[in-house]
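Per-entry structural report
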Amino acid sequence: MMRKEFSFLVFNHIGSPIKRMTVSKKALHISAWAAVLVIVALALFTADYLSLRKARQQASAYRRHILQQEDKINHQRAQIQEFAVKINALKSHLAGLSDFEQRLRVIANLDGKDEAPEGFLGVGGSMPEDLDPTIEMKERQSALLREMHEQVDHLDTAVVSQQERFQALYNHLEEQRNILAATPAIRPVEGGWVSSSFGYRESPFTGRREFHRGLDIATRSGSAILATADGVVTFSGKKGLMGNTIVIDHGYGFVTRYGHAKELLKKRGDKVRRGDVIARVGNTGRSTGPHVHYEVRLNGVTVNPGRYILN
């Protein structure tokens, strides 16, 4: 027959029993199950606590990440708005350059020639409306970005077009500068007086009517003879009745000749600038006194030098 009670003895430190406890089997089972339930409850509570603690830590990390992302998004939105302002400023700057180009064309006498195409800075279409950097970015961020990309593409094309037009204008002005530099524009000597003009005259040697192809400017022997424009010396030496002569090719069809010199200071192939001293006034060749015979030829035809003297 199974026992329904259990006895427990409690011994002291020398092994003598000091207390006896009797517990029924049913009470023992109940206590065991209660202990198991308590252990399970504690385990579940600990697991829930650890899970909640981990979830709280993860939630805190997510909140920090979200705040960081919001800060980054706000910073990006501010950059987008700042970029929109810069695009508007760049458009205004390019429009100002276009107006400046038109003024230069008027000054360069190109008004009406090589007109710029109509439209936004010469690339077609009208000037795009300014971007609105103050709009609510949450609502129109994608639309604003799309507009910005479109206008940046327009600006890229406009910059290339404007650069090409300025280059063409520069080339034209450079060509005009070269033409001006190559155009005889000053007296070949300082001072003196015109002793014989361009055109028909009575020859001082034969008394007959003849065509004089240049200007004779009388002045003191040894005076400086000046190049009247930029060019290259193509002849320096004796030339028949003109005596010691220098010939300069200025390009663009212009050639000048300086005769009766006492001394030649430049040789063939030398480059000269307007105002350079190229020779000294003399009385060589067929001459009645110290002077320079000055000729201007345009495309091989002698023309009146007086038409080109500005000083």
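This text follows the structure it describes.
What this report covers is the structure whose coordinates are included nearby. Going along each chain's sequence as written, the residues are numbered from 1 onward. Confidence filtering applies because this is a predicted model: local features only for residues at pLDDT of at least 70, side-chain atom pairs given and counted only at 80 or more, and all residues used for totals across whole chains, interfaces and linings. With hydrogens and water set aside, each side-chain value is computed from the structure's full complement of heavy atoms.

**Details of the overall build of the chain**
Of regular secondary structure, the chain possesses 2 helices and 14 strands. Burial classification: accessible surface area is computed with a 1.4 Å probe over protein chains only, and a residue below 20% of its type maximum counts as buried, one above 50% as exposed, and the rest as partly exposed. Buried residues in the chain amount to 29% of all 311 residues. If you take every contact in the chain between residues at least 6 apart in sequence, the share linking residues at least 24 apart comes to 61%. The secondary structure listing takes helices from DSSP runs of H or I that are at least 4 residues long and strands from runs of E that are at least 2 residues long, numbered from the N terminus. Only heavy atoms enter the contact rule, under which two residues are in contact if any of them lie within 4.5 Å.

**Focus: unusual backbone geometry**
Excluding glycine, residues mostly have negative phi values, and the peptide bonds linking residues are mostly trans. Positive phi, close to 55°, is recorded for Tyr 252, a residue that is not glycine. Along the chain, Tyr 252 turns up in the loop between β9 (244–251) and β10 (254–264). A positive phi angle, close to 55°, is found at Asn 299, a residue other than glycine. With respect to the helices and strands, the residue Asn 299 is situated in the loop between β13 (291–298) and β14 (301–303).

**Regarding the side chain of Ser 223**
In this fold, Ser 223 is placed in the loop between β6 (215–218) and β7 (224–226). Excluding residues that lie within four positions of it along the chain, Ser 223 makes contacts with Ala 279, Arg 280 and Val 281.

**Some remarks on the environment of Gly 191**
Position of Gly 191 among the secondary structure elements: in the loop between α2 (137–182) and β3 (193–196). Looking at Gly 191, the relative accessible area reads 42%, which means it is partly exposed. Separated by 32 residues in sequence, Gly 191 and Ser 223 have C-alpha atoms that sit 9.5 Å apart.

**Notes on a nonpolar patch on the surface**
A cluster of nonpolar residues, Trp 33, Val 36, Val 40 and Leu 44, forms a patch on the protein surface that exposes about 420 Å² of accessible area. Relative to the elements of secondary structure, Trp 33 occurs in helix α1 (residues 25–107). Relative accessible area serves as the criterion here: at 61%, Trp 33 is assigned to the exposed category. A patch consists of residues whose relative accessible area exceeds 30% and which take part in no salt bridge; residues with like charges are grouped when within 9 Å of each other, and nonpolar side chains (Val, Leu, Ile, Met, Phe, Trp, Tyr) when within 5 Å. Here the Shrake-Rupley method, with its probe set to 1.4 Å, supplies the accessible areas, and only the displayed protein chains count as covering residues. Salt-bridge detection follows one rule: a side-chain nitrogen of Lys or Arg within 4 Å of a carboxyl oxygen of Asp or Glu.

**A few points about the nonpolar core**
Core analysis: the largest hydrophobic core is formed by 19 residues, its most contacted members being Ile 225, Ile 246, Ile 248, Tyr 258 and Ile 278. Elements with a contribution of two residues or more to this core: β9, β10, β12 (277–281) and β13. Filtering out sequence-adjacent residues up to four positions away, Ile 246 remains in contact with Val 233, Phe 235, Ser 236, Thr 256, Arg 257, Tyr 258, Leu 264, Lys 266, Ile 278 and Ala 279. Think of a nonpolar core as a cluster: buried Ala, Val, Leu, Ile, Met, Phe, Trp, Tyr and Cys residues, connected wherever their side-chain atoms sit within 4.5 Å. Core analysis: the next-biggest nonpolar cluster, separate from the first, contains 8 residues, Ile 80, Leu 94, Leu 144 and Ala 158 among them.

**Quick look at the pattern of salt bridges**
Under the criterion given, the structure shown has 5 salt bridges. In this structure, Lys 267 engages Asp 270 in a salt bridge whose closest nitrogen and oxygen atoms are separated by 3.4 Å. Residues Glu 295 and Arg 297 are paired through a salt bridge, measuring 3.4 Å at the closest nitrogen-oxygen approach. With a relative accessible area of 3%, Glu 295 lands in the buried category. Its relative accessible area of 25% is what places Arg 297 among the partly exposed residues. Overlapping salt bridges bring together Arg 257, Glu 295 and Arg 297 as one network.

**Quick word on the packing of aromatic side chains**
Each Phe, Tyr or Trp ring, with Trp reduced to its six-membered ring, pairs with another whose centre is within 6.5 Å; inter-plane angles below 30 degrees give stacked pairs, above 60 give edge-to-face pairs, and intermediate values give tilted ones. Taken as a whole and judged by the stated rule, the model has 4 aromatic pairs. Judged by centre distance (5.6 Å) and plane angle (85°), the rings of Phe 254 and Tyr 308 are edge-to-face. Separated by 54 residues along the polypeptide, Phe 254 in strand β10 and Tyr 308 in the segment after β14 bring together distant segments of the chain. Residue Phe 254 shares its accessibility class with Tyr 308, and that shared class is buried. Judged by centre distance (5.4 Å) and plane angle (35°), the rings of Tyr 258 and Tyr 294 are tilted. You can see Tyr 258 sitting in strand β10 and its partner Tyr 294 sitting in strand β13, a full 36 residues away along the chain. In terms of burial, Tyr 258 and Tyr 294 fall into one category: buried. Chaining the aromatic ring pairs together yields one cluster made of Phe 198, Tyr 200 and Phe 211. Geometrically, a lysine NZ or arginine CZ counts as sitting over a ring once it is within 6 Å of the ring centre and also within 35 degrees of the ring normal. Above the face of the Phe 235 ring, Lys 239 is positioned so that its terminal group lies 4.2 Å from the ring centre.

Everything listed is a geometric property; what it means functionally is a separate question.
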